[in-house]
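Letter by letter, the chains look like this.
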Amino acid sequence: MTRHLLSIDDLDAADIAEIFDTAAEMHDVQRRAVKKLPALRGRTVINLFFEDSTRTRSSFEIAGKWLSADVINLSAKGSSASKGESLRDTVLTVTAMGVDGLVVRHGASGAAHQISQWVDVPVVNAGDGMHEHPTQALLDAYTLTRRLGSLEGKHVAIVGDLTHSRVFRSNIKCLLALGASVTAVAPPTLMPAGAGEWAKSAGFATSYELDPVLPDADAVMMLRVQRERMSGGYFPTAREYTVGYGLTRDRLGLLGADTPILHPGPMNRGLEISADAADSVDRSVVLDQVSAGVAVRMSVLYHLLAGEETR
Amino acid sequence: MTDPTGTAPGTVLIKGASLLGEATADVLVAEGRIQEVGTTPGATSAADRTIDADGLVLLPGLVDLHTHLREPGREDAETVLTGSRAAAVGGFTAVLAMANTSPVTDTAEAAERVLDLGRAAGLVDVQPVGAVTKALAGAELAELGLMARSRARVRVFSDDGRCVHDARVMRRALEYVKTFGGVISQHSQDPALAGPTACCHEGELSGRLGLPGWPGVAEEVIVARDVMLARHTGSRVHVAHVSTAGSVEMIRWAKAQGIDVTAEVTPHHLLLTTDLLASENGGYDPTYKVNPPLRPVEDVEALRAALADGTIDAVATDHAPHARHDKEHAFVDAAFGMLGLETALPLVATVMVGSGLMDWAGVARVMSADPARIAGLSEHGRPLAVGEPANLTLVDPAATVTIDREDSVSLSRNNPWHGRALTGAVRATLLRGRPTVLEGALQ
Ligand SMILES: [Zn+2]
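Residues numbered from 1 in each chain as written. Chains lettered and ligands numbered in written order. Predicted model: local features only at pLDDT ≥ 70, side-chain atom pairs only at ≥ 80, totals over all residues. Heavy atoms only, no water.

*Asks:* Summarise the side chain of Thr317 of chain B; cite the residues concerned and give the values.
*Replies:* Residues and elements named next belong to chain B. With respect to the helices and strands, the residue Thr317 is situated in the loop between β15 (314-315) and α10 (324-327). Separated by 2.4 Å, the side chains of Thr317 and Asp64 make a polar contact. If near-sequence neighbours (up to four positions away) are discounted, Thr317 is found in contact with Asp64, His66, Thr67, Phe92, Thr266, Pro267, His268, Gly340, Leu341 and Ala344. (Helix = DSSP H or I, 4+ residues; strand = E, 2+ residues; numbered from the N terminus. Polar contact = N/O pair within 3.5 Å; in protein donor to acceptor, adjacent residues only side chain to side chain. Contact = heavy atoms within 4.5 Å.)

*Asks:* Which residues make up the pattern of salt bridges, and what values go with them?
*Replies:* This model, assessed by the stated rule, comprises 33 salt bridges over all chains. As a salt-bridge pair, Lys173 of chain A and Asp9 of chain A come within 3.0 Å of each other at their nearest N and O atoms. One end of the pair, Lys173 of chain A, is in helix α6 (residues 166-177); the other, Asp9 of chain A, is in the segment before α1 (13-30), and 164 residues separate them in sequence. One salt-bridge network, in which partners are shared between bridges, spans Lys255, Asp313, Asp370 and Arg373 of chain B. (Salt bridge = Lys/Arg side-chain N within 4 Å of Asp/Glu carboxyl O.)

*Asks:* Lay out the interface of chain B and chain A with the relevant residues and their values.
*Replies:* Residue-level contacts link 22 residues of chain B with 24 residues of chain A. Interface area for chain B against chain A, summed over the two sides, is near 1700 Å², with a carbon-plus-sulfur share of 59%. Ranking the residues of chain B by area buried against chain A places Glu204, Tyr284 and Glu328 of chain B at the top, with a combined share of 33%. With a shortest N-O distance of 3.6 Å, Arg88 of chain A and Glu328 of chain B are connected by a salt bridge. Put simply, chain B and chain A have seven residue pairs in polar contact (both at pLDDT 80 or more) between them. For the side of chain B that touches chain A, the element with the most residues is helix α6 (residues 204-209) of chain B, which contributes five residues. (Buried area = accessible area lost by both parts, 1.4 Å probe.)

*Asks:* Can you tell me about the pairing of strand β8 (residues 219-222) of chain A, naming the residues and giving the values?
*Replies:* Residue and element names in this part refer to chain A. Here β8 shows two buried faces, one formed by Ala219 and Met221 and the other by Val220 and Met222. By the bridge criterion, two bridges tie β8 to strand β9 (residues 261-262) in an arrangement that is parallel. Within β9, the residue paired with Met221 across the bridge is Leu262. (Buried < 20%, exposed > 50% of the residue type's maximum accessible area, 1.4 Å probe, protein only. Pairing = 2+ DSSP bridges.)

*Asks:* Account for the environment of Thr244 of chain B, naming residues and giving values.
*Replies:* Residue and element names in this part refer to chain B. Mapped onto the secondary structure, Thr244 falls in the loop between β13 (237-239) and α8 (245-256). Judged by relative accessible area, Thr244 falls into the buried class, the value being 1%. Beyond its immediate chain neighbours, meaning those up to four positions away, Thr244 contacts Gly216, Glu219, Glu220, Arg295, Asp299 and Leu303. A polar contact of 3.0 Å, which involves the side chain of Thr244, links it to the backbone nitrogen of Ser247.

*Asks:* Give a detailed account of the environment of Gly210 of chain B, specifying residues and quantitative values.
*Replies:* All names here are of chain B. Note that Gly210 resides in the loop between α6 and β12 (213-214). Taking the relative accessible area as the measure of exposure, Gly210 reaches 0% and is therefore buried. For Gly210 and Gly90, which are 120 residues apart along the polypeptide, the C-alpha to C-alpha distance reads 37 Å.

*Asks:* Account for the packing of helix α5 (residues 134-148) of chain A against helix α11 (residues 286-305) of chain A, with residues named and values stated.
*Replies:* For any two helices packed against each other, the geometry comes down to the angle between their axes and how far apart the axes lie. Residues and elements named next belong to chain A. One can describe the packing of α5 onto α11 by two numbers: an axis separation of 8 Å at closest approach and a directional angle of 120°. Considering the angle they form, α5 stands oblique to α11. Crossing of α5 over α11 shows right-handed handedness. When α5 is examined against α11, the residues Thr135, Gln136, Leu138, Leu139, Asp140, Tyr142 and Thr143 are found in contact with a partner set consisting of Asp288, Gln289, Ala292, Gly293, Val296, Arg297 and Val300. Looking at the contact of α5 with α11, its residues break down into six nonpolar, five polar and three charged. (Axes fitted to C-alpha atoms, helices over the stretch in contact; angles between N-to-C directions. Parallel < 35°, antiparallel > 145°, perpendicular 65-115°, else oblique. Left-handed = near helix turned anticlockwise from the far one by under 90°. Nonpolar A, V, L, I, M, F, W, Y, C, P; charged D, E, K, R; others polar.)

Shown next, in the form of structure tokens:
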């Protein structure tokens, strides 16, 4: 296992399987009356969030607490640059307080990677700009594994604003590492630069059309469309986006009766996902993703931080 | 210090240098000029100082069309004095100081202040570049004529750091500078195509890394537009730091049409590629964050070929010093730019001479004669001949130097060449006959 979790690139298939095995045990703990495990007792984990995200921060906070770590949330939003302080100064100040692990969320791609080079404690990337969100990809794949069994040979469609999505960039690597095939669906304006080349070298498919992809999909991952993208000229109107790329009630008919539908949340109901899809009892696994999130993050924190004494 | 407008006292004999890498000769310098060139200049025994130049190449002093000296405003990153030191150590005798200081060099008084700071430093001729538009805002023309008529005699105007993106403003600027033979040096980059957060080359790598990128076409559409405006106005446009093969094609076409366009390329665009940003290469290191961005290898090869065949006229450093704390941010938030003055000559020697693409006469053309001609500096970039100003640079073509960022005389340390071994080293620099650098050390 690696020292930091910055990217899915840090893990191979065996590492992922190990994280999932531990997550399954953690998942069982969640169902107990007393949820505490002593694994990280006496350890301090700082959730260092340069960008707001209540759900990711809460998930890491609960994960740390159930492992008996002392979890401290620090919002560094709007600090550093505006006060003339560098990111490096901010991070070194925080770690000098005596910390055993950092969970970092930052609006800039690569920030977690850069921070890991400045500190001597494990860093978990909780989302860096448009780059990666590795624990989200792990919890998505874990959710799918529980639903579909092995992902080897399974076909997953990832649909939406791929350009700006760290969830997409982590998921594509994680799903491919686990043997799934992936089709990335978006209008050309929301395909990452050089997507064709990237798809070819990494081994996934791309499509500008959703309808032909859905009948063959074993799972569908819908991505959130950021409202602020709408004025950026990426697509003409919300209505047109929904007709082209939304998981509408009509499109549900193209899916198998129990094909899982994932969404990292928060959902724009009526835009990328219809209420029928979001609430489809047999298909929507959105809430399973949330509970799996805690288990997977417990597993990640455990693997990176327990055993540090013997390092 | 010495007033660089004056001449050095005493005589200097440069013994046994290879002139432009060819014939070996002794060169006698007195009263700021080359007095004799030959195998045994008459005054040999009378010289006050002799420089043993055995195995060294003598070039006209280097001229940099594109230097950021940061004074006034960011004296913690560089001053005219420290930047002058870096320039002299790099073999330069004249540098053009870009206008994007704080306040901006957009008045005659501001230009004269930079000129005077350069004279006080006394190590190179610091020639101010004037802003094209007031406060670099891109809207109203700055006082171009007053800057031109000032003591600073400004001839090059640039909003560098930003593109003069309004076609109407660019047209008027090109028309206006015809009065005094000025030139507009354009930072070619359509801000609408690039976007406000762009920080690297747009391509497959930026797509994978999730970094907002500049497509090459954001540069190329401005180059294309500007050469058409230059043709229409009959004026002169200079393309600063060309970075793409497409821009090269456009410039080649424009020159073939007889349009008055010149272009420069930086040493780093001749050598470094965008792949340096990939995490497998260290990843997201803001040292490599530069504007325009590092491009793929196909562009780099096109730039080298264009410099060799004369499509690109000059090498310019875009020396951009930054305080450490302005680089120690997330890549997207870190400042743009890298140091360039001290390493420019060895880089050109390594990539152009070492590869056989260019000889030393070619280096003299692209690093001295053509930059001086473009900038209208009549006392620089001259032939190595009797009667010419003694602005000279001596280079050891065989020396291999491993760059250490801590060795710099710049105030800043954002040096992308740290740890690299480069061939070619500046041994001496003479400004109007006075050695500013001897044996690689400042005098
Ligand atoms: Zn520029």
